[in-house]
Amino acid sequence: MSQETMEPIVSVRNAKIRYKVGNFRDIGLKEWVLSKIRGKYHVGYFMAVDDVSFDLYEGEMLGIIGTNGAGKSTLLKALSGIMEPSEGTVFRRGNIAALLELGSGFDDDLTVKENTYLRGAILGYSRKLIDEVYNDIIDFAELSEFADRPFKQLSSGMKSRLAFSIASMVSPDILVLDEVLSVGDGSFQKKSEERMRSIISANATTILVSHSLAQIRSMCTKILWLHKGKQVTVGTDVQHICDLYEDFLNGRITQEEILSGKLFNE
């Protein structure tokens, strides 16, 4: 079936996400009150994502690239349903598993086992499901010897491995990943990448933010390049776009050139 006759799993249309700046959390409560009294208080806005559009179909994997501050993580939050765009639309069809902040959702005073059930509940898993896959989760995270220890005794790498193992134990329709394939040492990174490939092979639609162009090149079927919130380009020519991005990082292409769009119309 061609994509022209398929329904997209993810569809983003002219999405814009802006943050308010200049409120009391930025300047302090005292300064905020004085500014209000003097009539000098002004609210500004920062456009984190500025007019992004693309479609993803079943089984596709989108790699999102861009330098720090490009809007990648903000866009992932909208794609995951954590936040809504200020303008435009983000449509998602099916259940979503999002691996964004691997260190969140745990209680340091609980054991590793208790935290496995806690994190699973936060992700919407039933106790019955966790009972069935608990041993697989702990084994994959390589934490069998630590199951009854307090979570706070784990290293940050161990905590991330557990979070990844819990979140990747299901087969979602949409999988959203933010730099999670860099979790752990080299052997665990290889194992986590293999886990992702198995989920993708089950026709999950996947979105990956990564600074590793090698991962993007080897895994992704489509690529989105963001720069300061703006969409530089999106397309299926992953290798060519990665080449241009590397040229930009190395100073061979200017910001003006990438934002002009001319590089992608040749």
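Our subject is the structure that appears above.
Residues numbered from 1 in each chain as written. Predicted model: local features only at pLDDT ≥ 70, side-chain atom pairs only at ≥ 80, totals over all residues. Heavy atoms only, no water.

Section: the packing of aromatic side chains
Now for step 1: Applying the stated rule across the entire model yields seven aromatic pairs.
Now for step 2: Judged by centre distance (6.2 Å) and plane angle (75°), the rings of phenylalanine 164 and phenylalanine 188 are edge-to-face. Taken together, the positions of phenylalanine 164 in helix 6 (residues 156-167) and phenylalanine 188 in helix 7 (residues 186-201) put the pair 24 residues apart, joining distant regions of the chain.
Now for step 3: Through a chain of ring-to-ring contacts, the aromatic side chains of Phe140, Phe164 and Phe188 assemble into a single cluster.
Now for step 4: When the ring centre of phenylalanine 140 is taken as reference, the NZ or CZ atom of lysine 191 above it lies at 4.7 Å.
Now for step 5: Here the guanidinium or amino end of arginine 195 rests over the ring plane of phenylalanine 140, the centre of that ring lying 3.9 Å away. (Phe/Tyr/Trp six-rings, centres within 6.5 Å; stacked < 30°, edge-to-face > 60°. Helix = DSSP H or I, 4+ residues; strand = E, 2+ residues; numbered from the N terminus. Lys NZ or Arg CZ within 6 Å of the ring centre and 35° of its normal.)

Focus: the side chain of serine 11
Now for step 1: Among the structural elements, serine 11 can be located in strand 1 (residues 10-21).
Now for step 2: The exposure class assigned to serine 11 is buried, which follows from its relative accessible area of 12%.
Now for step 3: Of the polar contacts made by the side chain of serine 11, one reaches the side chain of aspartate 55; its length is 2.7 Å.
Now for step 4: The contact partners of serine 11, leaving out residues within four places of it in the chain, are Phe54, Asp55, Thr89, Val90 and Phe91. (Buried < 20%, exposed > 50% of the residue type's maximum accessible area, 1.4 Å probe, protein only. Polar contact = N/O pair within 3.5 Å; in protein donor to acceptor, adjacent residues only side chain to side chain. Contact = heavy atoms within 4.5 Å.)

Concerning the environment of alanine 70
Now for step 1: The topology assignment puts alanine 70 in the loop between strand 3 (61-65) and helix 3 (72-80).
Now for step 2: C-alpha separation for the pair alanine 70 and tryptophan 225, spaced 155 residues apart in sequence, amounts to 8.8 Å.

As for the packing of helix 4 (residues 112-122) against helix 5 (residues 127-140)
Now for step 1: The interhelical angle for the contact between helix 4 and helix 5, taken along N-to-C directions, is 130°, at an axis separation of 10 Å. Regarding the angle of helix 4 to helix 5, the classification is oblique. Handedness of the crossing formed by helix 4 with helix 5: right-handed. Along its contact with helix 4, which presents Val112, Lys113, Thr116, Tyr117 and Gly120, the element helix 5 presents Arg127, Ile130, Asp131, Tyr134, Ile137 and Ile138.
Now for step 2: Residues that form the contact of helix 4 with helix 5 fall into these classes: six nonpolar, two polar and three charged. (Axes fitted to C-alpha atoms, helices over the stretch in contact; angles between N-to-C directions. Parallel < 35°, antiparallel > 145°, perpendicular 65-115°, else oblique. Left-handed = near helix turned anticlockwise from the far one by under 90°. Nonpolar A, V, L, I, M, F, W, Y, C, P; charged D, E, K, R; others polar.)

Some remarks on helix 6
Now for step 1: If you check helix 6, its first and last C-alpha atoms are 17 Å apart, about what 12 residues at 1.5 Å a residue would give, namely 16 Å.
Now for step 2: Along helix 6, the positions that sit buried rather than exposed are Met158, Arg161, Leu162, Ala163, Phe164, Ser165, Ile166 and Ala167.
Now for step 3: Elements that come into contact with the buried residues of helix 6 comprise strand 5 (96-99), helix 4, helix 5 and helix 7. (Expected span 1.5 Å × (residues − 1).)

Some points on helix 7
Now for step 1: If you check helix 7, its first and last C-alpha atoms are 23 Å apart, about what 16 residues at 1.5 Å a residue would give, namely 22 Å.
Now for step 2: Turning to helix 7, its buried residues number three or more, namely Phe188, Ser192, Glu193, Arg195, Met196, Ile199 and Ile200. Projected onto a plane normal to the axis of helix 7, the buried residues spread over an arc of 155° and lie on a single side. Away from its buried face by more than 90 degrees, helix 7 exposes Gly186, Lys190 and Ser201.
Now for step 3: Considering only its buried residues, helix 7 is in contact with strand 3, helix 5, helix 6, strand 6 (174-178), strand 7 (205-209) and helix 8 (213-219). (Arc of directions from axis to C-beta.)

Points about the nonpolar core
For soluble globular proteins, the rule of thumb is that nonpolar side chains tend to be buried together.
Now for step 1: Ranked by internal contacts, the top residues of the largest apolar core, which has 51 residues, are Ile65, Leu143, Leu162, Ile216 and Trp225.
Now for step 2: The contact partners of isoleucine 65, leaving out residues within four places of it in the chain, are Lys72, Ser210, Leu213, Ile216, Ile223, Leu224, Trp225, Leu226, Ile241 and Tyr245.
Now for step 3: Listed in part, the 25 residues of the second largest apolar core include Ala15, Phe54, Leu56 and Val90. (Core = buried A, V, L, I, M, F, W, Y, C linked by side-chain atoms within 4.5 Å.)

Notes on the side chain of threonine 74
Now for step 1: Relative to the helices and strands, threonine 74 is located in helix 3.
Now for step 2: For threonine 74, a relative accessible area of 12% puts it in the buried group.
Now for step 3: A distance of 3.2 Å separates the side chain of threonine 74 from the side chain of tyrosine 19, its partner in a polar contact.
Now for step 4: When sequence neighbours within four positions are dropped, the list of residues in contact with threonine 74 reads Ile17, Tyr19, Ala48, Val49 and Met83.

A few points about the state of the cysteines
Now for step 1: Across all of its chains, the model carries zero disulfides by this definition.
Now for step 2: As a non-bridged cysteine, cysteine 220 has cysteine 242 as the owner of its nearest cysteine sulfur, 7.9 Å distant.
Now for step 3: Judged by its relative accessible area of 8%, cysteine 220 falls in the buried class. (Disulfide = S-S within 2.5 Å.)

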